[in-house]
Amino acid sequence: MDLALFLANLVLTVALLAATLWSGRKAKRRLHYRLVVFTVLSLIGAIVQAELFGRSFVFDPVRLNVHLFAAFAALATVPGVVWTGLRLRTRSGSRASHQRWVGAFVGLVLLAVVTACWMFLDAESAA
């Protein structure tokens with residue numbers, strides 16, 4: 001796995017996430033829906049690339065487990081984001097709930113990125 005490709009996809013994912021948040025806040029529904037799809041696809045790509053890239057390293061088990069907890073917790077919020085987002089289409093009262101789910105998702109994604117960096121600080125090459 002190429003580090004430059006992985007980092008480029010990570011930057012793309014962050015940019016798409018920011019654009020998705022912006023379009024949601026501005027109530028640009030059609031754009032928001034499209035950006036959600038592209039963000040999720042980019043995130044899946046980043047996760048796959050991270051897994052492939054990470055195979056070349058040996059990580060401290062505690063750091064790895066902390067990172068995996070944050071990453072899986074972020075993924076666990078996705079159904080809540082989707083459900084409340086779909087409900088928001090027909091019930092404007094669902095906005096606060098959707099915002100809380102999105103906030104949890106974004107916060108946990110950021111935590112996963114930070115813990116991934118922390119994890120790599122003392123990683124050793126597997127080769």
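Just above, that's the structure.
Here we summarise the structure given alongside this text. (Residues numbered from 1 in each chain as written. Predicted model: local features only at pLDDT ≥ 70, side-chain atom pairs only at ≥ 80, totals over all residues. Heavy atoms only, no water.)

Remarks on helix α1 (residues 3-25)
Applicable threshold: Runs of H or I in DSSP of at least four residues are treated as helices and runs of E of at least two as strands, each being numbered from the N terminus. How far a helix is expected to stretch is found by multiplying one less than its residue total by 1.5 Å. Only protein chains enter the accessibility calculation, which uses a 1.4 Å probe; a residue is then buried when its area is under 20% of its type maximum, exposed when over 50%, and partly exposed in between. By the convention used here, residues are in contact when the closest approach between their heavy atoms is within 4.5 Å.
Helix length check: α1, at 23 residues, gives a terminal C-alpha distance of 33 Å against a target of 33 Å (1.5 Å per residue), a fit within 8%. Of all the residues in α1, the buried ones are Phe6, Asn9, Thr13, Leu16, Leu17, Thr20 and Ser23. Looking at the buried positions of α1, the neighbouring elements they touch are α2 (29-54) and α4 (95-121). Alanine 27 occupies a position one or two residues after α1 and carries a positive phi of about 60 degrees.

Quick look at the packing of aromatic side chains
Keep this limit in mind: Working definition: rings of Phe, Tyr and Trp (its six-membered ring) pair if their centres are within 6.5 Å, and the pair is stacked with planes under 30 degrees apart, edge-to-face with planes over 60 apart, and tilted otherwise.
This structure, assessed with the given rule, holds six aromatic pairs. A ring pair is formed by phenylalanine 6 and phenylalanine 53, whose centres lie 5.8 Å apart and whose planes are at 15 degrees; its orientation type is stacked. A residue pair is termed long-range when its members are at least 10 positions apart, and phenylalanine 6 in helix α1 and phenylalanine 53 in helix α2 qualify at 47 residues. A relative accessible area of 12% places phenylalanine 6 in the buried class. The exposure class of phenylalanine 53 is buried, given its relative accessible area of 13%. With a centroid separation of 5.0 Å and 85 degrees between ring planes, the pair formed by phenylalanine 59 and phenylalanine 120 is classed as edge-to-face. Taken as a pair, phenylalanine 59 in the loop between β1 (57-58) and α3 (61-88) and phenylalanine 120 in helix α4 lie far apart in primary sequence, 61 residues in all. Note on phenylalanine 59: relative accessible area 16%, which makes it buried. On the basis of relative accessible area, phenylalanine 120 is assigned to the partly exposed category, the value being 30%. Ring pairs connect the aromatic residues Phe6, Phe53, Phe57, Phe59 and Phe120, which therefore count as one cluster.

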